[in-house]
Amino acid sequence: MPVCPRTPEMDADTLSAVVSAMARAATPLALAALGELVTEKAGVLNLGVEGMMLMGAVSAFGVTVATGNPVLGILAAMAAGMLMALLFGVLTLSLRTNQVATGLALTLFGIGLSAFVGRSFVGTPLTALPGLSVPGLSDLPVIGPVLFGQDPLVYVSVTVIALVAWGLSRTRTGLIVRAVGENHDAAHVLGHSVLGIRYGAVLFGGVLGGLAGAYLSLVYTPMWVENMTAGRGWIALALVVFATWKPWRVLAGAWLFGGVTILQLHAQGLGVQVPSQIMSMLPYLATILVLVLISRDATRVRLNAPACLGKEFYPDR
């Protein structure tokens, strides 16, 4: 039987599909990690990213199914993430509860509440957000679909990262946020509202966490499945450390972990004789390995981490 030769066009199509899939896998990680980065830059450690993402995912899916408008679904996801972050902020900033314990509780609360709210959505079909199509550019080989054929939220994520990177380093607001994270007592003496700035950073992190969840349920896997984040919130937390609290490195790290995710999917498709459970472990194994490698240079981590990260602020002292 004649064998169909492997043509350059087939190779180009495969490469384009793999890179596009990497972009889709990286987008929710980049959004969630960027929100947590801004939160931590202000000195607050929020471990509830997973819970915020799940509430964003179920809110986006439910509103989109009810209204048929994905834009409203995305806005609902952002609002849900912000409300979860507000709950965290009230408990940790106003009532001064332990940030680590409260963040873990927020994740557990989000897992349970999203499962309860999403019971009626299980098995409901939904059309994914379409990719953009730029005449004359989207049809270019390899780079066309990658650069000009992604869904809108991929471009939104890159734009937000660019704005945050510029804002933290070039604007007065960004400098104040960093000052609060480095020395909240000195910022308070200079007349800055430490609690107000931290509330703003926490809410911003919640908005991006909800948006990351919306991407999962509206684009990446357009359906609602209980606990569909599958640990991505924890990977996002690790990404912040991996990126040493620098926005552009968050994007690079998200692409790295997204690439590992896609690698295990394509390896299964190519018939690699490795148990599927082992392949599914790869993204999380990569996370552990990266954190181990980073921890070997503890001095560098300490120099880049906000000095007041996780520390309570007492304005009456």
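Calculation notes
- Residues numbered from 1 in each chain as written.
- Predicted model: local features only at pLDDT ≥ 70, side-chain atom pairs only at ≥ 80, totals over all residues.
- Heavy atoms only, no water.
- Helix = DSSP H or I, 4+ residues; strand = E, 2+ residues; numbered from the N terminus.
- Contact = heavy atoms within 4.5 Å.
- Areas by Shrake-Rupley, 256 points an atom, 1.4 Å probe, with all protein chains shown as cover.
- Expected span 1.5 Å × (residues − 1).
- Buried < 20%, exposed > 50% of the residue type's maximum accessible area, 1.4 Å probe, protein only.
- Patch = residues over 30% accessible without salt bridge, like charges linked within 9 Å, V, L, I, M, F, W, Y side chains within 5 Å.
- Salt bridge = Lys/Arg side-chain N within 4 Å of Asp/Glu carboxyl O.
- Axes fitted to C-alpha atoms, helices over the stretch in contact; angles between N-to-C directions.
- Parallel < 35°, antiparallel > 145°, perpendicular 65-115°, else oblique.
- Left-handed = near helix turned anticlockwise from the far one by under 90°.
- Nonpolar A, V, L, I, M, F, W, Y, C, P; charged D, E, K, R; others polar.
- Polar contact = N/O pair within 3.5 Å; in protein donor to acceptor, adjacent residues only side chain to side chain.
- Phe/Tyr/Trp six-rings, centres within 6.5 Å; stacked < 30°, edge-to-face > 60°.

Let us now look at the overall build of the protein. For the protein, the helix and strand inventory stands at 13 helices and zero strands. For the protein, the succession of helices and strands along the chain, N to C, is α-α-α-α-α-α-α-α-α-α-α-α-α. The contacts in the protein between residues at least 6 apart in sequence include a share of 76% that link residues at least 24 apart. Carbon together with sulfur atoms contributes 69% to the accessible area of the protein, which is approximately 15200 Å² in total.

Over its 27 residues, helix α9 (residues 194-220) runs 37 Å from end to end, which matches the ideal 39 Å to within 8%, given 1.5 Å per residue. Of all 27 residues making up α9, 21 are buried, and the element is well covered by its neighbours.

Together, Leu-83, Leu-86, Val-90 and Leu-95 give the surface a local cluster of nonpolar side chains, amounting to about 360 Å² of exposed area. On the secondary structure map, Leu-95 appears in the loop between α3 (70-94) and α4 (99-117).

Attention shifts here to the packing of helix α6 (residues 152-170) against α9. Packing of α6 against α9 brings their axes to within 11 Å, and their N-to-C directions diverge by 160 degrees. Judged on the interaxial angle alone, α9 and α6 are roughly antiparallel. Remark: the crossing between α6 and α9 carries left-handed chirality. Contacts between α6 and α9 pair Leu-153, Val-154, Val-156, Val-160 and Val-164 from the former with Phe-204, Leu-208, Leu-211, Tyr-215 and Val-219 from the latter. Looking at the contact of α6 with α9 residue by residue, the classes come out as 10 nonpolar, no polar and no charged.

Another point: α3. Over its 25 residues, α3 runs 35 Å from end to end, which matches the ideal 36 Å to within 8%, given 1.5 Å per residue. For α3, the elements touching its buried residues are α2 (49-67), α4, α6 and α9. Of the residues that open α3, the one with a side-chain oxygen 2.9 Å from the backbone nitrogen of Val-71 is Asn-69. Just past α3, the residue Arg-96 takes up positive phi, approximately 60 degrees.

Looking at the element boundaries, Ser-217 is found in helix α9. Given a relative accessible area of 0%, Ser-217 falls into the buried group. Residues Ser-217 and Ala-128, spaced 89 residues apart in sequence, show a C-alpha to C-alpha distance of 8.5 Å.

Two numbers describe a pair of aromatic rings. These are the distance of the centres and the angle of the planes. Overall, the coordinates contain two aromatic pairs when judged by the stated rule. Taken together, a centroid distance of 6.2 Å and an interplanar angle of 75 degrees make the contact between Phe-242 and Phe-257 edge-to-face. A residue pair is termed long-range when its members are at least 10 positions apart, and Phe-242 in helix α10 (residues 232-242) and Phe-257 in helix α11 (residues 247-269) qualify at 15 residues. Accessibility expressed as a relative area gives 26% for Phe-242, which makes it partly exposed. Given the relative accessible area of 2%, Phe-257 is considered buried.

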